[in-house]
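# Residue-level structural notes
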Amino acid sequence: MSALAEAEGAANLGQGFPDQDGPEWIRAAAATAIGEGANQYPPGRGIAALRSAVAEHQQRRYGLAFDPETEVLVTAGATEGLTAAVLAVAGPGDDVITLEPFYDSHAAAIAMAGARHVTVPLRAEEDGFRLDLEALRAAAGPATRAILVNSPHNPTGTVLAPEELSAIARVAVDADAVVITDEVYEHLTFDGAEHTPLATLPGMRDRTLTVSSAGKTFSLTGWKIGWATGPAPLVDAVLAIKQFLTYSGGAPFQPAIAQALVHGDGDIAELKRSLDRRRMLLLEGLRSAGFRTVRPSGTYFVCADAGPFLREEARDGAAFARWLPGAAGVACVPLTAFCRPGSETSRALSDWVRFTFVKDESVLSTAIERLKGLGRGAGLSAAPRP
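Residues numbered from 1 in each chain as written. Predicted model: local features only at pLDDT ≥ 70, side-chain atom pairs only at ≥ 80, totals over all residues. Heavy atoms only, no water.

## A look at the overall build of the chain
Counting its secondary structure elements, the chain contains 13 helices and 14 strands. Taking 21 Å as the expected radius of gyration for a compact globule of 386 residues, we find that the chain reaches 21 Å, a close match to that expectation. Across its three principal axes, the chain shows a C-alpha extent of roughly 65 × 55 × 35 Å. Burial status across the chain gives 57% buried among its 386 residues. Summarising the internal contacts of the chain: among those between residues at least 6 apart in sequence, 74% fall at separations of at least 24. (Helix = DSSP H or I, 4+ residues; strand = E, 2+ residues; numbered from the N terminus. Rg over C-alpha atoms; globule rule 2.2 N^0.38 Å. Buried < 20%, exposed > 50% of the residue type's maximum accessible area, 1.4 Å probe, protein only. Contact = heavy atoms within 4.5 Å.)

Set out below in structure tokens:
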């Protein structure tokens, strides 16, 4: 969708990457590290300063105690951490459960492991997308090896509620399954929603691999500095896979992110305030343009029902997303891109699309004005391009 947006000169509200770089002082710390010689392979587990900073962050924020020597692993972004975790714990004959919709790399990692991908639907309700607890319980069985949980959730923006987290924990314990969590949006929550790591729930620390990264927290997505925390045997299993994926990387970025985790709380708070303003701008703009939306409690994204605008040229959300950049000069992503083809969730969300608000306000305003044209005149084919 980003390539299509560029080709059409469209406002790109599809791919979730920031228009602005992260804090200057963090970028300067990386430049200093380069000048001071941090240019060769860092240790496979990550430099000591970053592992200590991750451990301190988990303790300070969530009361989770991890030994930085044995229970923290630095990865090439959260994507590598999640993929290595799935490859480490699951294989042919195993089931891995995820929520649906799911971030695309989750399905790819499960496929690479040769495991079976079992999904549990998130359903669009008035208070957000909510987990189907009965379906969760029904999905688990003797073959369940892992449950991969993403909260705050991409693409829906939901932050799992305490009762949803507790249900996942009970299912994991009953199935004796490992839980792998994708928490990259852990600090980007709104409306008083609080992110609770599953590892903090009773009995979950020793069966949970928690994965996060600096990319979303500090708007430095290209640095690809992530980490996994958990009990030493599980972290060792992830390391055994990771060492043959990237071995190590990001040498000058690791000391900069170590400083960011220790001293960057103010930057995180400012980013949240800025994103909240942009979230409300996009929500109100989409609603005024005629979309039904679900108000997200976290992440970068707003999901919207494009049903009122579907026509012969765009019969469902996927066709609408392909058609919109040329018709109205705005790019989005269909929610079915995050679903198993033909699944119940894919059918239920066939008309839905995802827009990102992690863009400059000028880009958002331009996109909103263009989208308002969908509700004027003869429909999509008449949408104006200001």
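## Some remarks on the UniProt feature "domain: Aminotransferase class I/classII large" (unreviewed entry) in the chain
Within this numbering scheme, the UniProt entry marks residues 12-371 as carrying the feature "domain: Aminotransferase class I/classII large" (unreviewed entry). Strand forms 18% of residues 12-371 and helix 41%; the C-alpha atoms that close the span are 13 Å apart. (UniProt positions renumbered as here; feature names shortened; annotations may be inferred.)

## Looking at the environment of Ala140
Assignment of secondary structure puts Ala140 in the loop between α6 (133-139) and β6 (144-150). Residue classification places Ala140 among the partly exposed positions, given a relative accessible area of 24%. Spatially, the C-alpha atom of Ala140 lies 9.9 Å from that of Val120, the residues being 20 residues apart in sequence. Apart from residues lying up to four places away in sequence, Ala140 is in contact with Ile97 and Val171.

## Topic: the sheet that holds strand β10 (residues 292-294)
In space, the four strands of this open sheet follow the order β10-β11-β14-β13, with antiparallel pairing throughout. What marks the edges here is a single partner per strand, and that holds for β10 and β13 (333-334). Note: β13 against strand β14 (residues 352-356), two bridges, orientation antiparallel. Its bridge partner lying in β14, Val333 is registered against Arg354. (Pairing = 2+ DSSP bridges.)

## Side note on the sheet that holds strand β9 (residues 225-229)
The eight strands lie next to each other as β2-β9-β8-β7-β6-β3-β4-β5, forming an open sheet whose pairing is mixed. Both outer strands of the open sheet, β2 (72-76) and β5 (128-131), are each paired with one neighbouring strand and no more. Strand-to-strand, the axes of this sheet are offset by a mean angle of 25°, without reference to chain direction. Relative to strand β4 (residues 116-125), strand β3 (residues 95-100) runs parallel, the two being bridged by six bridges. For Ile97, the partnering residue across the bridge sits in β4 and is Val118. Against the sheet, helix α7 (residues 162-175) makes contact with β5, β6 and β7 (178-182), and its axis sits at roughly 165° relative to β6, the strand it touches most. Each of β2, β7, β8 (208-213) and β9 touches helix α8 (residues 232-242); the most contacted strand, β2, lies at about 30° to it. (Axes fitted to C-alpha atoms, helices over the stretch in contact; angles between N-to-C directions.)

## Some thoughts on the pattern of salt bridges
This structure, assessed with the given rule, holds 21 salt bridges. For Glu69, the salt bridge goes to Arg51, with nearest N and O atoms at 3.8 Å. With a gap of 18 residues between them, Glu69 in the loop between α3 (48-62) and β2 and Arg51 in helix α3 connect regions that are remote in the sequence. Since its relative accessible area comes to 47%, Glu69 is described here as partly exposed. (Salt bridge = Lys/Arg side-chain N within 4 Å of Asp/Glu carboxyl O.)

## Remarks on unusual backbone geometry
In this model, Glu100 is joined to Pro101 through a cis peptide bond whose omega is 5°. Checked against the element boundaries, Pro101 lands in the loop between β3 and α5 (104-113). Its identity is not glycine, yet Ser219 carries a phi of approximately 55°, on the positive side. Along the chain, Ser219 falls in the loop between β8 and β9.

## Overview of helix α10 (residues 265-289)
Its 25 residues place the ends of α10 36 Å apart at the C-alpha level, agreeing with the 36 Å of an ideal helix rising 1.5 Å per residue. Within α10, burial applies to Ile268, Leu271, Ser274, Leu275, Arg278, Arg279, Met280, Leu282, Leu283, Gly285, Leu286 and Ala289. In this structure, the buried side of α10 is in contact with α3, β10, β11 (301-305), β14 and α13 (361-372). Positive phi appears at Gly290, one or two residues downstream of α10, with a value of about 110°. (Expected span 1.5 Å × (residues − 1).)

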